Amino acid sequence: MENSKEMRKWLDDMKLDHPLVIAGPCSAETEEQVLKVAHELKDTDVSYYRAGIWKPRTRPGNFEGVGAIGLKWLQKVKEETGLKTATEVANRAHVDLALEYDVDLLWIGARSTVSPFIVQEIADALEGTDKIILVKNPVNPDLSLWLGAVERLSSANIEKLGVIHRGFSTYEKTKYRNIPEWQLAIELQTKFPDLPIINDPSHISGRRDLIFDVSQTALDLNFDGLMIETHCDPDNAWSDASQQVTPERLVQIMKDLQIRKETN
Ligand code: PEP
Ligand code: MN
C-alpha cells in the first residue's frame, strides 16, 4: 500500500470546516435510547452516529449487544435525523447484515485488528465496498499489525479507508484506560500522511474528565477527527458508563477545542 492523496478523498469530499465527528453511545441499548441520543446530536458538528450492536466484551456474562435488531434502529436514526450511521463489525455475518441495512461507516474493533484471520474474513466480505471502513489500532502497541489490517482492506479494493487511534493496553497503572502512545500514531501519520486518522478519546481515557485534553492533543497533532461516546444518561449506560458524555457536554467540548488543522 502506498500513500496517495486519493486516500483522503472521501474525507475531503465532505468539505467540513471542522474535524470529522463520530458520536453516539458505546452500545445501542433500546430503540428509545438510540433515537433520543440521535435527536440530540442532530444539529451539531456530528456527521456519523455510532452505536455498537455487537459488543466485544472482555469477559463473558456482560451485556453483549442487542444484535441485528439494532440495525433497524440505526435505519430509523438515518430517516428521522439525516445523520449517517456507524457500527463495529467483527466477522462476516456482521458485515453482511450491516451492508444489508445500509450502515454508512463500519469499523473494525481493537480486539479484531489483532487477528489477521478475522481481518481477512472481514476484508473478503467487504470486497469492493464503497462504505467507509475504519480500522482501530490493535490492543497491543504494534504498528505493523495495525497497518497490516489496513493493507488487507486496501487489497480487497476498499478505497474509503481510515484509522482510529483508541490507545493500547498496558499492565502499568496510569490515569488512562488505554495508554495513548502518541508516538505510534505519529509514526503512522509520517508513513501515511494522507490516510485519515481519527482519535477515540473515550477508550483512551476511560473517564469523562480526560476526554477534552486527549481530544485537544489529537487535534494539535493534526488528527482528522474524533470519535466520542455520547449517551443521554451516561452513568446508567449498559457499557463504558464512566467514559461517556452527554450530548450537551459533547457540544461544549467541540466549542472549546482549538482547531488547528494544517492545510497544505
Ligand atoms: C467501542 O468502540 O465501543 C469499542 C468496543 O471499542 P474498542 O474496539 O476500541 O475497544
Ligand atoms: Mn465503548
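A brief look at the structure comes next. Owing to the predicted nature of the structure, the values given are computational and were not obtained by experimental measurement.

**Brief notes about the coordination of the manganese ion (ligand 2)**
Okay, so step 1: Those protein atoms acting as donors to the manganese ion (ligand 2) are C26 (SG), H203 (NE2), E229 (OE) and D240 (OD), and they sit at 2.1 to 2.4 Å.
Okay, so step 2: Each donor residue of the manganese ion (ligand 2) belongs to the same chain, with the gaps between them written as C-x176-H-x25-E-x10-D. With H203 in helix 9 (residues 201-205) and D240 in the loop between strand 8 (225-229) and helix 11 (247-256), this residue pair connects regions lying 37 residues apart in the sequence.

**Examining the packing of helix 7 (residues 143-155) against helix 8 (residues 182-191)**
Okay, so step 1: The contact between helix 7 and helix 8 brings their axes to 11 Å, and the two run at 45 degrees. Judged by the angle between their axes, helix 7 and helix 8 are oblique. In this structure, helix 7 meets helix 8 at a crossing whose hand is right-handed. Of helix 8, the residues touching helix 7 (which contributes L143, W146 and L147) are L184, E187, L188 and K191.
Okay, so step 2: In terms of residue class, the contact of helix 7 with helix 8 is built from 5 nonpolar, no polar and 2 charged.

**Section: the site of ligand 1**
Okay, so step 1: Around ligand 1, the surrounding shell holds 13 residues, and the nearest of these are R50, K55, A110, K136 and R166.
Okay, so step 2: In this structure, an oxygen atom belonging to ligand 1 sits 2.9 Å away from a main-chain N or O atom of A110.
Okay, so step 3: K136 places a side-chain nitrogen or oxygen 2.8 Å from an oxygen atom of ligand 1.
Okay, so step 4: Computed on the free molecule, ligand 1 has an accessible area of 300 Å², of which 96% lies beneath the protein chains in the complex.
Okay, so step 5: Class assignment of the residues belonging to the shell around ligand 1 gives a composition of 4 nonpolar, 2 polar and 7 charged.

**Regarding the environment of E127**
Okay, so step 1: Tracing the backbone through its elements, the reader meets E127 in the loop between helix 6 (116-126) and strand 5 (132-136).
Okay, so step 2: Each C-alpha atom of the pair E127 and N157 lies 6.0 Å from the other, and the pair is 30 residues apart in sequence.

**Overview of the nonpolar core**
Considering soluble globular proteins, one finds that nonpolar side chains tend to be buried as a cluster.
Okay, so step 1: One finds L41, Y49, L126, L153, L188 and L195 to be the most contacted residues of the largest nonpolar core, which totals 64 residues.
Okay, so step 2: Of the residues forming this core, the biggest block, 6 residues, is contributed by helix 7.
Okay, so step 3: Of all hydrophobic cores here, the second largest spans 13 residues; its members include I22, Y48, A86 and W107.

**Details of unusual backbone geometry**
Okay, so step 1: Backbone geometry places D102, a non-glycine residue, at a positive phi of 60 degrees.
Okay, so step 2: The phi angle at N222 is positive, at roughly 70 degrees, despite the residue not being glycine.
Okay, so step 3: Its location among the elements puts N222 in the loop between helix 10 (211-220) and strand 8.
Okay, so step 4: A relative accessible area of 21% means that N222 is categorised as partly exposed.

**Description of the pattern of salt bridges**
Okay, so step 1: One pass over the structure, following the stated rule, counts 14 salt bridges.
Okay, so step 2: In this structure, the salt-bridge partner of R177 is D240, at a minimum N-O distance of 3.1 Å. Separated by 63 residues along the polypeptide, R177 in the loop between strand 6 (161-165) and helix 8 and D240 in the loop between strand 8 and helix 11 bring together distant segments of the chain.
Okay, so step 3: Judged by its relative accessible area of 38%, R177 is partly exposed.
Okay, so step 4: Accessibility expressed as a relative area gives 17% for D240, which makes it buried.
Okay, so step 5: One salt bridge connects E187 with K191, and the closest N-O pair in it is separated by 3.6 Å. Of this pair, E187 and K191 both sit in helix 8, separated by 4 residues, roughly a single helical turn.

What counts, and at which threshold
- Residue indices follow the written sequence of each chain, beginning from 1 at its first position.
- Chains carry letters from A onward and ligands carry numbers from 1 onward, assigned in written order.
- In keeping with the model being predicted, local features are shown solely for residues with a pLDDT of at least 70 and side-chain atom pairs are shown and tallied solely at 80 or more, while totals for entire chains, interfaces and linings include all residues.
- Side-chain metrics in this entry use all non-hydrogen atoms of the structure; hydrogen atoms and water are not considered.
- Each metal's donors are the N, O and S atoms within 2.8 Å of it, or within 3.2 Å when it is Na, K or Ca, and because water is not part of the set, sites may look incomplete.
- Only DSSP runs of H or I covering at least 4 residues are called helices, and only runs of E covering at least 2 are called strands; the numbering of each starts at the N terminus.
- Geometry is summarised by axes, namely lines fitted to C-alpha atoms with helices restricted to the contacting stretch, and by angles between N-to-C directions that run from 0 to 180 degrees.
- In what follows, roughly perpendicular refers to angles from 65 to 115 degrees, roughly parallel to angles under 35, roughly antiparallel to angles over 145, and oblique to any angle outside these ranges.
- Left-handed describes a crossing whose near helix is turned anticlockwise from the far helix through less than a right angle; right-handed describes the clockwise counterpart.
- The contact criterion used is simple: two residues touch if any of their non-hydrogen atoms lie within 4.5 Å.
- Classes in brief: Ala, Val, Leu, Ile, Met, Phe, Trp, Tyr, Cys and Pro nonpolar; Asp, Glu, Lys and Arg charged; the others, Gly included, polar.
- Any residue with a non-hydrogen atom lying within 4 Å of a molecule or strand is treated as near it.
- Identification of polar contacts relies on pairs of N or O atoms within 3.5 Å, with a donor-acceptor requirement for protein atoms, meaning one able to donate a hydrogen and the other able to accept it, and with residues adjacent in sequence counted only if both atoms are side-chain atoms.
- To be clear on the numbers: accessible area is Shrake-Rupley with a 1.4 Å probe, and residue cover counts the displayed protein chains and nothing else.
- Definition used in this section: a nonpolar core is a set of buried Ala, Val, Leu, Ile, Met, Phe, Trp, Tyr and Cys residues joined via side-chain atoms within 4.5 Å.
- Between buried and exposed lies partly exposed: a residue is buried under 20% and exposed over 50% of the maximum accessible area for its type, with that area taken using a 1.4 Å probe on protein chains only.
- When a carboxyl oxygen of Asp or Glu lies within 4 Å of a side-chain nitrogen of Lys or Arg, that pair is called a salt bridge.

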